[in-house]
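So you can see what is in the structure, the chains are spelled out below.
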Amino acid sequence: MLSSQGTGLLKFPHFLGIQTRPLSTLSSLLNLCTKPQQLKQIHARFILHGLHQNQTLSSKLIDCYAKLGHLDLSQRVFDSIFNPSSVLYNTMLRNFAQFGEFEMVLLVYLGMVMESMYPDEETYPFVLRSCSGLGDARIGKKIHGHVVKLGFDSDCLVSSALAEIYGNCGDVVNGRKHLDYWNSLINEAAQGGNGEECFGLFRRMRMEKVEPSSMTVINLLRSSVELNSIKAGKLVHCLVLVSNLGADLSVNTALLSTYAKLGALDYARQLFEKMPERDCVVWNVMISANSRNGCPKEALQVLRCMGRSGVRADLFTAIPAISCIAQLKSIEFGKQIHGHVIRNGSDYQISVHNSLIDMYCECDQLSSARKIFDMVTNKSLVSWSAMIKGYVSHERSLEALSLFSNMKSEGVQVDFVTIINILPACVNIGALENVKCLHGYSMKFGFTSLSSLNTAILVGYAKCGCIEMARKLFDEEEINDKDVITWNSMISAYAKHGNWLRCFELYNQMKQSNMKPDQVTFLGILTACVNSGLVKEGQECFKEMGETYGCQPNQEHYGCMVDLLGRAGLINEAKELVKTMPFKPDARVWGPFLSACRMHSETGLAEFAAEKLVSMEPKNAGNYILLSNVYAAAGKWDGVAKMRSVLRDRGLKKTPGCSWLEMNGHVHEFRVADQSHPRSEDIYSILGNLELEIKNIKDEFTKSVLNRVVFL
């Protein structure tokens, strides 16, 4: 450890065993040195214990001396090594170049070549830039020859360094008019994400009358995607045509990929149809393009054509195809593609397994998804997250939490995506302690800097009834860091807790912070108005939504307004609103309308609304029960008998209500007449005692009231 007495020396109480220590430990020890004297001490110990010829440690030692400004000592270490390896030569070349010792760079390089060794592609740029620094194009050309022989000339950094040599040395033939020079500059700009600079360089290149190559075009297309400009992509397409590069497969593939990534699916299809040659990559790009742009059926049609054309599918064919089937939720196609994957030998890849797990979950085949999950031996984080997400999306929260527990027990490092996926499971069963644990875990591993995760935790606290903690998280986030989702989450939380005043306060703050409300914002405000009976405020909000912010109301917004008007007894207004809807109302509108009609004894309208619900959701047993109740209220017993017969004949049953109670971190689940709890006898015994006490209190209260009446 470093001495704390300011001597700058190191103490080595157990250093005699250094030869048995891992080299990584010794290398880390070198990093602790901040003074030359400390480094010299360790160097002396290396010599004492015979480690001074270890090339790995010597390379690190050379770097450390150079970082402390002692390049002369770095050179002495290098000179002391017998038969230095290419690693040591590379280290010296980099350090000499960084200190501007360009002549020494070339001398070391010459010695390296004489030993039949050459630098790697990461070190060659330092050598080439030394030629540029000396202004010596002659040596630069010789080294250029070495680079070409070694095949490093296609490397971006090496090409850029070559361009500097010819540019700085004023070699007109090989410089300003040299295609490789311009391509290297354009490539460097494209890889750096500088799209505008890329096109600027191309403009200068054309002014120098240099003709573009396929590499030029590919980099320009990459920049078009970076700029998100379909116009730029079309211009490059024109350049391809006038430059006679249309027969180049790599150029056509890049064009197709550009149109696909920019969402120009029609242009991509036209280009695809006209391509003279199509390899597996081209077919994969077209399948992915359709999948990514919401055309899963078209993607599968392309897959069929690919098979008929004789091109063998690969891993990158399977993944987008599986994604398409997940979008279609077609288990029949899913089984077919699964068999196709096995026949083509692509089922060894974990990414394919993960896609299959997600597909089966989307197709409501959780048992099949779990079988694949259990078969995978090298489960990745994505595997666990996909299976957990599947359970959560199908409201199987306990299985999701059990799997999450297994994941942690196997030592898998949880990421923020998994936390976001598992939080709804905690919320569904009201497991507040689990939400707190996930929050603590997120803080420990620094995930709370992510707005999406913070919002998910905020929603978790709010839905578990801890609105104060949700608000604390909301207030802790900087005003400029809050996105519309964060605002909406807090507004919706207050709406569900019935605090309309806080909802409107946040809504006004949101507008003052120049954050534009969206459809979800207005849904939260309207929900608050419904829960609080604020008819006037709700109508104003509904009007402001369209006229001020241009948000078109959807089924849920109309449902809220119908509910708001119906609860206030304004049945005719609710009826007129339904009639004037710009689209056909669905169950989200007819449900609240039915409830309002039943509440205010509008039997005829209630019957009409219930029949609409039954026709829209024929497998929902609750709708038949509602209609049966409406018939009963109207005295139509034949209708009641008919509804009961339909329920019996179709085997429909109303899903029983379920409640959760969390005690000491353990969640207990209850249903109507449930006997499954291990302490159900004790629970029913206590409930019986409570009922008896309530009955006794009620009897005493009634007796007391009667006595008063008699006395009066």
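This write-up is about the structure you can find in this document.

Rules of the game
Residues numbered from 1 in each chain as written. Predicted model: local features only at pLDDT ≥ 70, side-chain atom pairs only at ≥ 80, totals over all residues. Heavy atoms only, no water. Helix = DSSP H or I, 4+ residues; strand = E, 2+ residues; numbered from the N terminus. Buried < 20%, exposed > 50% of the residue type's maximum accessible area, 1.4 Å probe, protein only. Contact = heavy atoms within 4.5 Å. Areas by Shrake-Rupley, 256 points an atom, 1.4 Å probe, with all protein chains shown as cover. Axes fitted to C-alpha atoms, helices over the stretch in contact; angles between N-to-C directions. Parallel < 35°, antiparallel > 145°, perpendicular 65-115°, else oblique. Left-handed = near helix turned anticlockwise from the far one by under 90°. Salt bridge = Lys/Arg side-chain N within 4 Å of Asp/Glu carboxyl O. Phe/Tyr/Trp six-rings, centres within 6.5 Å; stacked < 30°, edge-to-face > 60°. Lys NZ or Arg CZ within 6 Å of the ring centre and 35° of its normal. Expected span 1.5 Å × (residues − 1). Patch = residues over 30% accessible without salt bridge, like charges linked within 9 Å, V, L, I, M, F, W, Y side chains within 5 Å. Core = buried A, V, L, I, M, F, W, Y, C linked by side-chain atoms within 4.5 Å. Disulfide = S-S within 2.5 Å. Polar contact = N/O pair within 3.5 Å; in protein donor to acceptor, adjacent residues only side chain to side chain. Nonpolar A, V, L, I, M, F, W, Y, C, P; charged D, E, K, R; others polar.

### Side note on the overall build of the protein chain
Across its full length, the protein chain holds 38 helices and two strands. In the protein chain, which comprises 712 residues, the proportion classed as buried is 44%. The contacts of the protein chain with a sequence gap of at least 6 include a subset with a gap of at least 24, amounting to 58%. For the protein chain, the accessible area works out to roughly 38,400 Å², and carbon and sulfur atoms hold 53% of it.

### Regarding the packing of helix α13 (residues 230–242) against helix α14 (residues 249–261)
Between α13 and α14, whose axes approach to 10 Å, the crossing angle comes to 160°. Between α13 and α14, the angle falls in the class roughly antiparallel. Crossing of α13 over α14 shows left-handed handedness. Contacts between α13 and α14 involve I230, G233, K234, H237 and V240 on the former and, on the latter, V251, L255 and Y259.

### Quick look at the environment of V341
Looking at where V341 falls in the secondary structure, it is placed in helix α19 (residues 331–343). Those residues in contact with V341 that sit more than four places away from it in its chain are A318, I322, S346, D347 and V352.

### Digging into the pattern of salt bridges
For the structure shown, the criterion picks out 11 salt bridges. The partner of E433 in a salt bridge is K436, and the shortest N-O contact between them spans 3.7 Å. One end of the pair, E433, and the other, K436, are both in helix α25 (residues 432–444), three residues apart, so they sit about a helical turn from each other. On the accessibility criterion, E433 (36% relative accessible area) is partly exposed. Among the ionic pairs, D563 bridges to R567, the shortest N-O distance being 3.1 Å. You can see D563 and its partner R567 sitting in helix α32 (residues 555–567), four residues apart, about one turn around the helix. The class of D563 is buried, set by a relative accessible area of 18%. Residue R567 is classed as partly exposed on the basis of its relative accessible area of 44%.

### Remarks on unusual backbone geometry
The phi dihedral of N83 is positive, around 50°, even though this residue is not glycine. Residue placement: N83 occurs in the loop between α4 (71–79) and α5 (86–98). Exposure remark for N83: the relative accessible area of 70% places this residue in the exposed category.

### Topic: the packing of aromatic side chains
Across all of its chains, the model carries 16 aromatic pairs by this definition. Each ring, one from F272 and one from W283, has its centre 5.1 Å from the other, and the planes form 80°; the classification is edge-to-face. Taken together, the residues F272 in helix α15 (residues 265–274) and W283 in helix α16 (residues 280–292) connect sequence positions 11 residues apart. Comparing F272 with W283 shows no difference in burial state: the two are buried. Ring geometry for F542 against Y558: centres 5.4 Å apart, planes inclined by 75°, an arrangement best described as edge-to-face. Taken as a pair, F542 in helix α31 (residues 535–547) and Y558 in helix α32 lie far apart in primary sequence, 16 residues in all. Chaining the aromatic ring pairs together yields one cluster made of Y441, F445 and F447. Above the ring of F272, the side-chain terminus of R278 is found at 4.2 Å from the ring centroid. If you follow K482 out to its NZ or CZ, it ends over the ring of F474, 4.7 Å from the centre.

### With respect to helix α10 (residues 179–191)
Counted at 1.5 Å a residue, the expected span for α10 with its 13 residues is 18 Å, and the 18 Å between its end C-alpha atoms agrees. Of all the positions in α10, only Y181, W182, N183, S184, I186, N187, A189 and A190 are classed as buried. Positioned one or two residues after α10, G193 has a phi angle of 75°, which is positive.

### Side note on a nonpolar patch on the surface
A cluster of nonpolar side chains, contributed by Y684, I686, L687, L690 and I694, occupies part of the molecular surface with about 470 Å² of accessible area. Following the sequence through the fold, L690 ends up in helix α38 (residues 680–711).

### Let's talk about helix α20 (residues 350–362)
With 13 residues, α20 extends 18 Å from end C-alpha to end C-alpha; this agrees with the ideal 18 Å at 1.5 Å per step. Counting buried positions along α20 gives 10 out of 13 residues, so the element sits mostly inside the fold. Among the residues of α20, I350, V352, H353, N354, S355, L356, I357, M359, Y360 and C361 are the ones counted as buried. Where the residues of α20 are buried, they touch α18 (315–328), α19, α21 (366–375) and α22 (381–393). With its phi angle positive at about 60°, D364 sits one or two positions after the end of α20.

### Things to note about the nonpolar core
Ranked by internal contacts, the top residues of the largest apolar core, which has 163 residues, are L256, M359, M387 and M490. The contact partners of L256, leaving out residues within four places of it in the chain, are A268, L271, F272, M275, V282, V285 and M286. One finds L51, C64, V77 and F96 within the second-largest nonpolar core, a separate group that totals 41 residues.

### Digging into the state of the cysteines
Going through the model one piece at a time under the given rule, you end up with zero disulfides. Left without a disulfide partner, C295 is nearest to the cysteine sulfur of C324, which lies 9.2 Å away. By relative accessible area, C295 is classed as buried at 16%. The thiol of C466 is not disulfide-bonded; the next cysteine sulfur, from C464, is found 8.5 Å away.

### Focus on the side chain of N421
Its place among the elements puts N421 in helix α24 (residues 416–428). With a relative accessible area of 15%, N421 lands in the buried category. Side-chain polar atoms of N421 contact the side chain of S385, separated by 2.7 Å.

### Brief notes about the environment of I420
You can see I420 is positioned in helix α24. A sequence separation of 35 residues divides I420 from S385, and the C-alpha atoms of the two residues are 9.6 Å apart. If near-sequence neighbours (up to four positions away) are discounted, I420 is found in contact with S452, L453 and A456.

### Here's the deal with the packing of α24 against α25
For the pair α24 and α25, interaxial distance at closest approach is 9 Å and the crossing angle is 160°. If you check the angle between α24 and α25, you find them roughly antiparallel. Here α24 and α25 pass one another in a crossing that is left-handed. Of the residues in α25, those touching α24 at I419, I422, L423 and C426 are N434, V435, L438, Y441 and S442. Each residue belonging to the contact of α24 with α25 can be placed in one class, and the counts come to seven nonpolar, two polar and no charged.

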